[in-house]
Amino acid sequence: MTEHDDEFDDFLARRRKLFRRPEQDVLEPPHEVDRLVLRQAREAIETRGEPREIRGMAWGAPLALAASLLVAFTIFLNVGLTKKERVPEVKVDQVALRRDYPPATVVTAPMAGTAVREYRSDASPGAPLPAEPAAEAGATRQAPEWRNDTGTWLAEIQRLRSEGKSAEADAELAEFKRQHKAYAVSPDR
Amino acid sequence: MDGLTTSETGAPFAHPRAARRVESVSDDEDAQLMLAYARGEMRAFETLYSRHRAALYRYLVRQSRDTEIANDLFQEVWSRVIVNRGRYEARAKFRTFLFTLAHNCFIDHCRRMKSRPAGTSIEDADAADLLTDDDARPEYELERAENSRRYRAALATLPQEQRDVYLLHEESDLSLEEIARVTGVGTETAKSRLRYAVGKLKAAMMAEADVS
């Protein structure tokens, strides 16, 4: 090993100074620079600057993602439920279904001269209408003409009774009472 | 804290010798101080700053050969320390961390500035520093100024890579392995650069001395 190598190794190991560096003790940063650096350092920790924000990002991103998913899921559910619970379109016959009529099948309205269909009050709104019994349909078609008018019907009953046809008169009266409930329950009848 | 007046008073650092004295404390303590600052303790930063400000400043002044540039770079380096306080890990030496930032700042500066801008020359700065010492004798100051001039002239003749390695060795007290890590080269390359730098400096200083 040469002398130069020894010298260099001593220099590396900081055992020897190769030359004087006299100015190193007086070369200092200006005081103004010191103040600026210290002020920046103080402001950084007082305002909770960038590093803390970066730390927050570690849990902030998953939290933001979870919140977004939750909001999206809620919106999806709301939209889906709203569609399912949509109010059905209101129709005249659907309103009629809700009216509380006494149990009845199909009768012929003597005053209007047309058949009026009444439905049971306990029938479900969407259920199909019950089929008319064939016998009743036939009876409606074969009903005597006097039944179209109440007065005529009562006069016919009176006529049958005066002719001694009590059974027929009673049958007509029973039918009359069946079709005219108010008359049937009247206390003087 | 020796040599350091607190940030509360806003007074400047008192005397360079005090700052030099605390530079010898352990690297572990530096790491703990940096972690304490990251937790929000300003006093920890003040201590850390007082320990390393002078060495860092010398490194930057010698590298840039311009006190204004050195001032800017000095602030930039500490600014990066402050901003990156949360990322600092205790397993890395603070000095290595600090001088890596300083090296990178200087490299960035060289890329930004192709030519050396006008500013306060290092000769002026050194002369001003010398004149502030009231206790020094005039003949000693003259000799010191001459020695300083020779040293600067010798440093100026070094290639950038060699000057970088030499200044890191002289100012940061980093080991050869750490210097290699800071400069991004292999240990043998760093050692070779340092050997050339020392040889050239020695030769230049002796030649100057012979001439004078």
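Residues numbered from 1 in each chain as written. Chains lettered and ligands numbered in written order. Predicted model: local features only at pLDDT ≥ 70, side-chain atom pairs only at ≥ 80, totals over all residues.

Draft legend 1. How the structure looks around the overall build of chain A. Scanning chain A from N- to C-terminus turns up eight helices and two strands. Burial statistics for chain A: of 189 residues in total, 7% are counted as buried. When contacts within chain A are restricted to residue pairs at least 6 apart in sequence, those whose partners lie at least 24 apart make up 34%. (Helix = DSSP H or I, 4+ residues; strand = E, 2+ residues; numbered from the N terminus. Buried ≥ 20, exposed ≤ 12 C-beta atoms within 10 Å, placed from the backbone. Contact = placed C-beta atoms within 7 Å.)

Draft legend 2. Representation of the packing of helix α5 (residues 94-112) of chain B against helix α9 (residues 176-183) of chain B in the model. Residues and elements named next belong to chain B. Between α5 and α9, whose axes approach to 9 Å, the crossing angle comes to 40 degrees. Regarding the angle of α5 to α9, the classification is oblique. For the element pair α5 and α9, the recorded crossing hand is right-handed. Of α9, the residues touching α5 (which contributes Thr96, Phe99, Thr100 and His103) are Glu178, Arg181, Val182 and Thr183. A class-by-class count of the residues in the contact of α5 with α9 yields two nonpolar, four polar and two charged. (Axes fitted to C-alpha atoms, helices over the stretch in contact; angles between N-to-C directions. Parallel < 35°, antiparallel > 145°, perpendicular 65-115°, else oblique. Left-handed = near helix turned anticlockwise from the far one by under 90°. Nonpolar A, V, L, I, M, F, W, Y, C, P; charged D, E, K, R; others polar.)

Draft legend 3. View of helix α2 (residues 31-46) of chain A. All names here are of chain A. In this model α2 runs 22 Å from its N-terminal to its C-terminal C-alpha over 16 residues, within 8% of the 22 Å that 1.5 Å per residue would give. Every buried residue of α2 is listed here: Asp34, Val37, Leu38, Ala41, Ala44 and Ile45. Angular distribution of buried residues about the axis of α2 spans 120 degrees; they occupy a single face of the element. What points out from α2, more than 90 degrees from its buried face, is the exposed set Glu32, Arg39, Glu43 and Glu46. (Expected span 1.5 Å × (residues − 1). Arc of directions from axis to C-beta.)

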